[in-house]
Each structure stands twice: as structure tokens, then as C-alpha cells.
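Here is how the chains run, residue by residue.
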Amino acid sequence: MRSPDPTRTLAAQLADVVPGQRVMLSGHVHRRRELAKVSFLILRDRTGLAQIVLRPDEVPAGGIPGEETVVRVEGVVAANTQAPGGVEVVSPEIELLSEPARPPVVELWRPTLDATLPTLLDHAAVTWRHPAQRAKWELTAASLRGFRRTLDAAGFTEIHTPKIVDTITESGANVFPVDYFGKTAYLAQSPQFYKQQLVGVFERVYEVGPVFRAEPHDTVRHLAEYVSLDVEFGFIHDHRDVLSLLREVLAGMLGVIREESAGALDLLGVALPAIPDEIPVVHFRDALRIVGAPDDEPDLAPAHERALGEWAWEQHGSDVLAVEGYPMRKRPFYTHPQPDDERWSNSFDLLFRGLELVTGGQRLHRHSDYVSAIGARGESASSYAGYLEAFAHGMPPHGGFAIGLERWVARLLEASNVREVTLFPRDLHRLTP
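Conventions used here
Residues numbered from 1 in each chain as written. Predicted model: local features only at pLDDT ≥ 70, side-chain atom pairs only at ≥ 80, totals over all residues. Heavy atoms only, no water. Helix = DSSP H or I, 4+ residues; strand = E, 2+ residues; numbered from the N terminus. Buried < 20%, exposed > 50% of the residue type's maximum accessible area, 1.4 Å probe, protein only. Contact = heavy atoms within 4.5 Å. Areas by Shrake-Rupley, 256 points an atom, 1.4 Å probe, with all protein chains shown as cover. Pairing = 2+ DSSP bridges. Phe/Tyr/Trp six-rings, centres within 6.5 Å; stacked < 30°, edge-to-face > 60°. Lys NZ or Arg CZ within 6 Å of the ring centre and 35° of its normal. Axes fitted to C-alpha atoms, helices over the stretch in contact; angles between N-to-C directions. Parallel < 35°, antiparallel > 145°, perpendicular 65-115°, else oblique. Left-handed = near helix turned anticlockwise from the far one by under 90°. Nonpolar A, V, L, I, M, F, W, Y, C, P; charged D, E, K, R; others polar.

Engineer: Please clarify how the overall build of the protein should be interpreted in this entry.
Structural biologist: Regarding its fold elements, the protein presents 11 helices and 16 strands. Taken along its principal axes, the extent of the C-alpha atoms in the protein is 85 × 55 × 40 Å. Within the protein, buried positions represent 48% of all 433 residues. Of the contacts formed within the protein by residues at least 6 apart in sequence, a portion of 65% connects residues at least 24 apart. For the protein, the exposed area adds up to about 20700 Å²; of that, 51% sits on carbon and sulfur atoms.

Engineer: Can you help me understand the sheet that holds strand S8 (residues 177-180) in this one?
Structural biologist: Note on sheets: strands pair through backbone hydrogen bonds, and any given pair is parallel or antiparallel. Read from one edge of the open sheet, 3 strands run S7-S9-S8, paired in antiparallel fashion. Looking at strand neighbours, the two that pair on one side only are strand S7 (164-165) and S8, the edges of this open sheet. One ladder, built from 4 bridges, connects S8 with strand S9 (residues 183-187); its direction is antiparallel. Directly across from Pro177, in S9, lies its bridge partner Tyr186.

Engineer: What is the right way to look at the packing of aromatic side chains in this model?
Structural biologist: Scanning the model with the defined rule gives 17 aromatic pairs in all. Pairing Phe193 with Tyr387 gives two aromatic rings, centres 4.0 Å apart and planes at 20°, and the pair type is stacked. Remark: Tyr387 occurs in helix H10 (residues 385-392) and Phe193 occurs in helix H4 (residues 192-202); sequence separation between them is 194 residues. Here Phe193 matches Tyr387 in class, with each residue buried. Among the aromatic residues, those joined into a cluster by ring pairs are Phe193, Phe333, Tyr334, Tyr370, Tyr384, Tyr387 and Phe391. Seen from the ring of Trp109, Arg31 lies directly overhead, with NZ or CZ sitting 3.9 Å from the centre.

Engineer: Looking at this model, I keep getting lost on the packing of H4 against H10. Mind explaining?
Structural biologist: How two helices pack is summed up by the angle between their axes together with the distance between the axes. Orientation of H4 relative to H10, taken along the N-to-C sense of each, is 25°, at an axis distance of 9 Å. By the angle class used here, H4 and H10 are roughly parallel. Judged by the sense of rotation from one axis to the other, the crossing of H4 with H10 is left-handed. Note on element contacts: H10 touches H4 through Gly386, Tyr387, Ala390 and Phe391, opposite Phe193, Gln196 and Gln197. Tallied by class, the residues present in the contact of H4 with H10 amount to 4 nonpolar, 3 polar and no charged.

By themselves, these figures tell us nothing about what the structure is for.
What follows is the structure, encoded as C-alpha cells:
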């Protein structure tokens, strides 16, 4: 926790400072309490809280700065078991680094935010300052570090692909058209085509980036823009290899959360999920039987996913369950069919605590198979010329998956709405802030 300013001490470093030593702190005024004989200023920086004690003659002429005012405080460290970290700062000199702050719409010093979700979202730039709100994103950031570290250690290369594209990636999904210098283009629904092509270059690739879905879903689980954690890699046997890697990635993400974000976990009271050494798997047709759905049901409804989540916990003690073999008619054209029965696919959805979190599987890799699959959709292969070039020049058997970052964190926290863990959500109704 080194500060760029070598003279600055961070709140979390105070406990290691020898009492009697003079320090300089910088941050926001988190709370102020003025009593008859002594006053307290609680300062907040990116690492935590620090208590500043002021005698009546040490209070600035204009009084203690109001909550959220940015200040610099110089003073002497003193031991106090009742203070955060067991130390406090006395004999302070306070300097304002900004104009006095206006009172925020919510009281950020309270342990919990007593505000509606629309209020939190409308004033996100300020409400994210609350320690419990910050802790949510600390878990998100730790998840990203775990994702990257796991894949870097496995020989993957991070890539970044275009977010303005000339064709639709996913069949059946709505897109956002944009005017691209007089031509119609689209915001990318996923990096699917590009990450597959780059398997032919790097063999193993991943991307962290936004994707855009113009689907008119006004639900607690959908966003119009979200962060997708995409993985694609070559020389696999089938979709089970993809599922095995996914298991390692999830375990890696949880490992970093456990090791580096214990404070956030404690503050939020989060119980980390159970990821078994081998993720339990059921075939789609068996999943329908488990939930009592008709055999000809083409997909799993949210109620089915919840029921399967309960079944996975009861039968396997697992918070995750992979449902494989979804009907080919419900999967994109690049999906590889199940070799012994082409009605089903070599793909899966991973359910996490009863909610679909990940879609993954094996892709087609032969050029002739793509030509046939695209023709079966009534389209011309020439429309996908740039994409198919990689396959015409040889591609290994490959597959991959994508994790929705916000949905992952929402299920970790068992939040009722994915917007609770999204910094500035975009949905059917929200374009600001």
C-alpha cells in the first residue's frame, strides 16, 4: 500500500506507526462528532478509516469540515484501543484540499445505506464511496485479478477485439446499430468471432471487455451493457475440456478473493461458494426430467435453473452445476454437435446458485462444416468471409466460454438485482449517470 507521496501515511498503515511519530493523512471527512470537551474527525481514504482527535482549541476557525470534504491532516500518532486499528491522531493541523463539500444525498458514515436502489444508482458517483459499496467492487476487482492470473499461468494471451462490428454475432439477439461514417455497423454482442480466429494465432486467448445486448429485458438479471470474461483455446477433445478449464478459472477467482479481499468479505458477510474438484454435470434431457419439464422443452426457464441449483446442492453439495447437451436449435451456428446424436450440442451452461452464469462449449473447426451450418440458416458463406478465412487455412479443435462479470459478483453476494454490483449500469431505462 505504498503511496505515490512518500510523506503520506495511509489509514491502514497507522497501526504500524510508532506512537509519538508525526504523520500526514489525506482523504475525505467520513464523519465528525463535536462534544463538549473533545471532538472527533473520522478520515476515510482508499484503505480504511482513521480517527483524529481535536481539543477545543484545535478546532479550525470555521469548525470541523463537513462530511466528504477533502482534507490533509498532520498530527501525532497515539495509542487508543477504542480507535480504528488501535491508534488515533492527536494535536492535528487540518488543511482543506477542496471547497467544503455539499451534504451527500445519503449519510455515508452510517454502517448501512438506507436508500432505495434508484437513489443509489442516480447518485452512484457519491454512493459508491460508502465502505460497503466499495467492498462490492473490491470483490469484483479481485475476481478480475484471479481470472487473469489463472489464465496467464496456463499460457493464455490477453487480447482486445473491436467493439464496433459489421455483422451480428449471436443469432436471435438484438443489437445496437450505429452510424459508422455513413455505413450501418453494430456494437459487438461478444468477441466470439475474433477470439476464435485468434486461437489460430495464439492457441489460447482471453479478453475482458464490454459487450452490448439490445434485448428489451427489464429484469433483475439483465443489462444492456456488461463486462464479459471471454476465453477460447485450441487442441481440445470436446466441451468437457472447456468445463475443466472453467472450473480452474472459478477456483482461481475465488482464491484471490479469499487471499486478498478478506476485509471486504467480512464487511459484506459473504460466504464463498463451494466449487468441487469436479463440477457435477447433467445432460439437458435429464435436467428436464429433474425439474419435471416436458421432454420437448427447448430451453431452461429461470424456475428450472433455480430448481436445478437446489438439486445440485442437495445431491452434490455444490453451488455450481453444468447442464450439457442443449438442443442444437437453441445454440449458435458455430456450436459443435454431439457426435453420436446431432440433435444435441457439445455445449453447456453453468448454473451458479440457481442462475445461468456461463455459456460455453466446443466450436466447429472445419471450414466445410461452417459452410454447411451457415447454408442451413439460409445465409451465404460469403457474408462471413473474414471470419471463415481462418478456418479455410486450418484451425484446431477448440472451444471456450464467457462469464458475465456483474452476474458473477451478484451471485457471490446473493444480491437481488445485478445493478447493485454494477458501477454505472445501462439497461432499458438508464443511460445516466
